[in-house]
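Take a look at the letters that make up each chain.
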Amino acid sequence: MGFLLGGHVTPLFTDIRRNMEDSTGSNPQSLGFTDKLKSWLSWSWTYVLTLLKYYVFLCICLSASVFLNTLTPKFYVALTGTSSLISGLILIFEWWYFRKYGTSFIEQVSVSHLRPLLGGVENSSTTGDYLHATQFNNDTCFKVWRNPLNLFRGAEYNRYTWVTGKEPLTYYDMNLSAQDHQTFFTGDTQQLRPEDAVMQKAWRERNPQARIRAAYQAIEMNHECAAAYVLLAEEEATTITEAERLFKKALSIAGKDINLLVYIKRRLAMCARKLGRIKEAVKMMRDLMKEFPLLGMLNIHENLLEALLELQAYADVQAVLAKYDDISLPKSATICYTSALLKARAVSDKFSPEAASRRGLSTAEMNAVEAIHRAVEFNPHVPKYLLEMKSLILPPEHILKRGDSEAVAYAFFHLQHWKRAEGALNLLHCTWEGTFRIIPYPLEKGHLFYPYPGCTETADRELLPSFHEVSVYPKKELPFFILFTAGLCSFTAMLAMLTHQFPELMGVFAKAPWLMFCLWSPCLLGSVFT
């Protein structure tokens, strides 16, 4: 039959089509007849192929039925049990991979390796629009920023390690800091002095004691090596007072190195803030911003905002926000949530959800709610820390904008300011979840900001310690293959149990041609799939 189809029908159809084309060109009045003939041949061809498919499928079922009639119930128990075991192992692996990396391993392999082989190609226009729409996301998503309020390693991070036995900083975070220090303090590598070469190597050392020994070695080479005193202030000093003393020593010998001067003065201002000399810290930060106005990328204004909030100088805070909360400047959680705090503070002491539901929101209350929605859209992880729904940890030395690491860093320093404003946390608690009804879903478009980037989870897992449960937004649904393997494992396990308990009855069902495919295809599919 296949020979007839391949050898005679196809040439015949070709000849008829050629004759139809010739007749169409010579005699226009024959169009109706040729169209009917072409339609009839097409329908006949489809009908023959369909009959052939059913014939082949019936032959396979009958052959399989004859084969299954010779099998014993022990075979079915072994088949279903093995399929259930392998499906269960795949389910465990898929669940572990999803929990660790946030995606399905099978789905990832399929997209990465099988899709190109099958010819899957993105539409060029769609891809171009997507890249244009997400250009800002890529810039902010993969850029890790230095935490402007990062703690001191020796005086704060190490003390946490001594008490709890846990490392608050990841190797990735510390490696980024080492790169920052090398770039910031060593400058041009072609003009390195011997002590600078030692310090460049010191920043790369993984062992803290090795870094401290290298700093002392640099000081022996040159007693006026300011970078060495900076390292000792960061790493060896066990108190803020001792760190401040070493920074003052470094400042006295820093010379005209702008990078060193900016870094040291900023850390001295942070020391004054931690030691309770807040007005002195505010003055030092203002002077630093006036002296080096082009260094806005260091985000010194975020240090200033935190210190002013501690002084409860809300008018000065509003003045700083008026300058830096501009549409042309990059945003941060500190900017957005501080703006929301100021507006919430004006109405929160008298705010009542019951009263607001009866009379509606006033203009000031509406402005406060809109500011909270704006802040939550920028970083949706912050409210759970401010409302103490998640436990805080020490902030990392680097943060990812709009990620969980930024939320941890903001809440660690600003939770006390929200608590100080009476009713502010209550207003936040009543309104923050309303943000997600405003944001389009799925997150292809944003409301007030660009769409929320989908790659923050991976970077946050690198920046935050392993004992911290990373906050993920939006919540990822279980991949299809996890649900599929779960269903397959459960079904085959049920079949194995039924076959073991009722071997004769299940054997009758298995040998029935019309039940064979429905009953045993999951087991065979599981074997092929694995």
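Residues numbered from 1 in each chain as written. Predicted model: local features only at pLDDT ≥ 70, side-chain atom pairs only at ≥ 80, totals over all residues. Heavy atoms only, no water.

Caption draft 1: The overall build of the protein chain, seen in detail. Summing up its helical and strand segments, the protein chain has 26 helices and 2 strands in all. Counting every position in the protein chain, which comprises 530 residues, the buried fraction comes to 44%. Partitioning the contacts of the protein chain with sequence separation of at least 6, the portion at a separation of at least 24 is 69%. (Helix = DSSP H or I, 4+ residues; strand = E, 2+ residues; numbered from the N terminus. Buried < 20%, exposed > 50% of the residue type's maximum accessible area, 1.4 Å probe, protein only. Contact = heavy atoms within 4.5 Å.)

Caption draft 2: Representation of the packing of helix H16 (residues 314-324) against helix H17 (residues 333-345). At a minimum axis separation of 11 Å, H16 and H17 run at an interaxial angle of 135°. On the basis of their axis angle, the class for H16 and H17 is oblique. Between H16 and H17 lies a crossing of left-handed hand. Contacts from Tyr314, Val317, Gln318, Leu321 and Tyr324 in H16 reach Ile335, Thr338, Ser339, Leu342 and Arg345 in H17. (Axes fitted to C-alpha atoms, helices over the stretch in contact; angles between N-to-C directions. Parallel < 35°, antiparallel > 145°, perpendicular 65-115°, else oblique. Left-handed = near helix turned anticlockwise from the far one by under 90°.)

Caption draft 3: Here's a closer look at unusual backbone geometry. With a phi angle near 60°, Glu388 is a residue other than glycine that sits in the positive phi range. Judged by its relative accessible area of 53%, Glu388 falls in the exposed class. In this structure, Arg402 takes a positive phi of about 70° despite not being glycine. Residue classification places Arg402 among the buried residues on the basis of a relative accessible area of 5%.

Caption draft 4: Structural context of the pattern of salt bridges. The tally for this structure, following the rule as stated, stands at 18 salt bridges. The closest approach of N and O atoms between Lys283 and Asp287, which form a salt bridge, is 3.0 Å. Placement of both Lys283 and Asp287 in helix H14 (residues 278-291) is noted, with a separation of 4 residues, approximately one turn of the helix. When its relative accessible area of 53% is taken as the criterion, Lys283 is described as exposed. (Salt bridge = Lys/Arg side-chain N within 4 Å of Asp/Glu carboxyl O.)

Caption draft 5: Up close: the nonpolar core. Core analysis: the largest hydrophobic core is formed by 58 residues, its most contacted members being Tyr337, Leu386, Trp418 and Leu428. Of the residues forming this core, the biggest block, 8 residues, is contributed by H17. For this core, the two domains that each supply at least three residues are domain 1 (149-298) and domain 2 (313-477). Leave out the neighbours within four places in its chain, and Leu428 touches Ile372, Pro383, Leu386, Leu387 and Trp418. Counting residues in each nonpolar core, the second largest holds 35 residues, with Ala155, Ala228, Ala233 and Leu246 among its members. (Core = buried A, V, L, I, M, F, W, Y, C linked by side-chain atoms within 4.5 Å. Domains from an automatic or database assignment.)

Caption draft 6: Region of the structure containing the packing of aromatic side chains. Taken as a whole, this structure holds 3 aromatic pairs when the rule is applied. Both rings, one in Tyr337 and one in Tyr410, keep their centres 5.4 Å apart while their planes meet at 40°; by these two values the pair is tilted. Here the residue Tyr337 occupies a position in helix H17, and Tyr410 occupies one in helix H21 (residues 404-420), the gap between them amounting to 73 residues. According to the relative accessible area criterion, Tyr337 is buried, its value standing at 1%. Positioned over the ring face of Tyr171 is Arg206, at 3.9 Å from the centre of the ring. Looking at Lys401, its charged tip hangs above the ring of Trp145, at a distance of 4.1 Å from the centre. (Phe/Tyr/Trp six-rings, centres within 6.5 Å; stacked < 30°, edge-to-face > 60°. Lys NZ or Arg CZ within 6 Å of the ring centre and 35° of its normal.)

Caption draft 7: Structural view of a nonpolar patch on the surface. Where nonpolar side chains cluster on the molecular surface, the patch consists of Leu85, Ile86, Leu89 and Ile92 and spans about 390 Å² of accessible area. By the element assignment, Ile86 lies in helix H3 (residues 73-101). (Patch = residues over 30% accessible without salt bridge, like charges linked within 9 Å, V, L, I, M, F, W, Y side chains within 5 Å. Areas by Shrake-Rupley, 256 points an atom, 1.4 Å probe, with all protein chains shown as cover.)

Caption draft 8: Examining H21 more closely. The end-to-end C-alpha distance of H21 is 24 Å, a good match for the 24 Å that 17 residues give at a rise of 1.5 Å each. Where burial is concerned, most of H21 is hidden: 13 out of the 17 residues are buried. (Expected span 1.5 Å × (residues − 1).)

Caption draft 9: Here's a closer look at the environment of Arg286. Assignment of secondary structure puts Arg286 in helix H14. Residues Arg286 and His301, spaced 15 residues apart in sequence, show a C-alpha to C-alpha distance of 8.5 Å. The contact partners of Arg286, leaving out residues within four places of it in the chain, are Leu304, Leu308 and Asp316.

Caption draft 10: Looking closely at the environment of Asp349. Structurally, Asp349 can be placed in the loop between H17 and helix H18 (353-359). Judged by its relative accessible area of 44%, Asp349 falls in the partly exposed class.

Caption draft 11: Just helix H10 (residues 208-221), in detail. Counted at 1.5 Å a residue, the expected span for H10 with its 14 residues is 20 Å, and the 20 Å between its end C-alpha atoms agrees. Of the residues making up H10, those classed as buried are Ala210, Arg211, Ile212, Ala214, Ala215, Ala218 and Ile219. Taken together, the buried residues of H10 touch helix H7 (153-164), helix H9 (194-204) and helix H11 (226-235). Sitting at the head of H10, Asn207 places a side-chain oxygen 3.2 Å from the backbone nitrogen of Gln209. (Polar contact = N/O pair within 3.5 Å; in protein donor to acceptor, adjacent residues only side chain to side chain.)

Caption draft 12: Representation of the environment of Ser471. Considering the arrangement of structural elements, one finds Ser471 in the loop between helix H23 (456-463) and helix H24 (480-501). Classification of Ser471 as buried rests on a relative accessible area of 13%. Once the C-alpha coordinates of Ser471 and Gly403 are considered, the two residues, 68 residues apart in sequence, prove to be 8.4 Å apart. A polar contact is formed between the side chain of Ser471 and the side chain of His381, at a distance of 2.8 Å.

Caption draft 13: Main features of the packing of helix H15 (residues 300-311) against H21. Relative orientation of the contacting elements H15 and H21 amounts to 35°, with a least axis distance of 10 Å. Of the two elements, H15 crosses H21, and the hand of that crossing is left-handed. Note on element contacts: H21 touches H15 through Phe413, His414, Gln416, His417 and Arg420, opposite Glu306, Leu309 and Glu310. Across the contact of H15 with H21, the residue classes break down as 2 nonpolar, 3 polar and 3 charged. (Nonpolar A, V, L, I, M, F, W, Y, C, P; charged D, E, K, R; others polar.)

Caption draft 14: Spatial organisation of the confidence of the model for the protein chain. Across the protein chain, the average pLDDT comes to 75, with 65% of residues at or above 70. Of all helices and strands in the protein chain, the one with the weakest mean pLDDT is helix H5 (residues 124-133) (38), whereas helix H12 (residues 240-252) scores best (94). Per-residue pLDDT stays below 50 along residues 120-141; that stretch engages in 12 contacts with residues further than four places along the chain or on separate chains. Low pLDDT (under 50) marks residues 524-530, which in the prediction has 11 contacts with non-local residues, meaning those over four places away or in another chain. (pLDDT = per-residue confidence, 0-100.)

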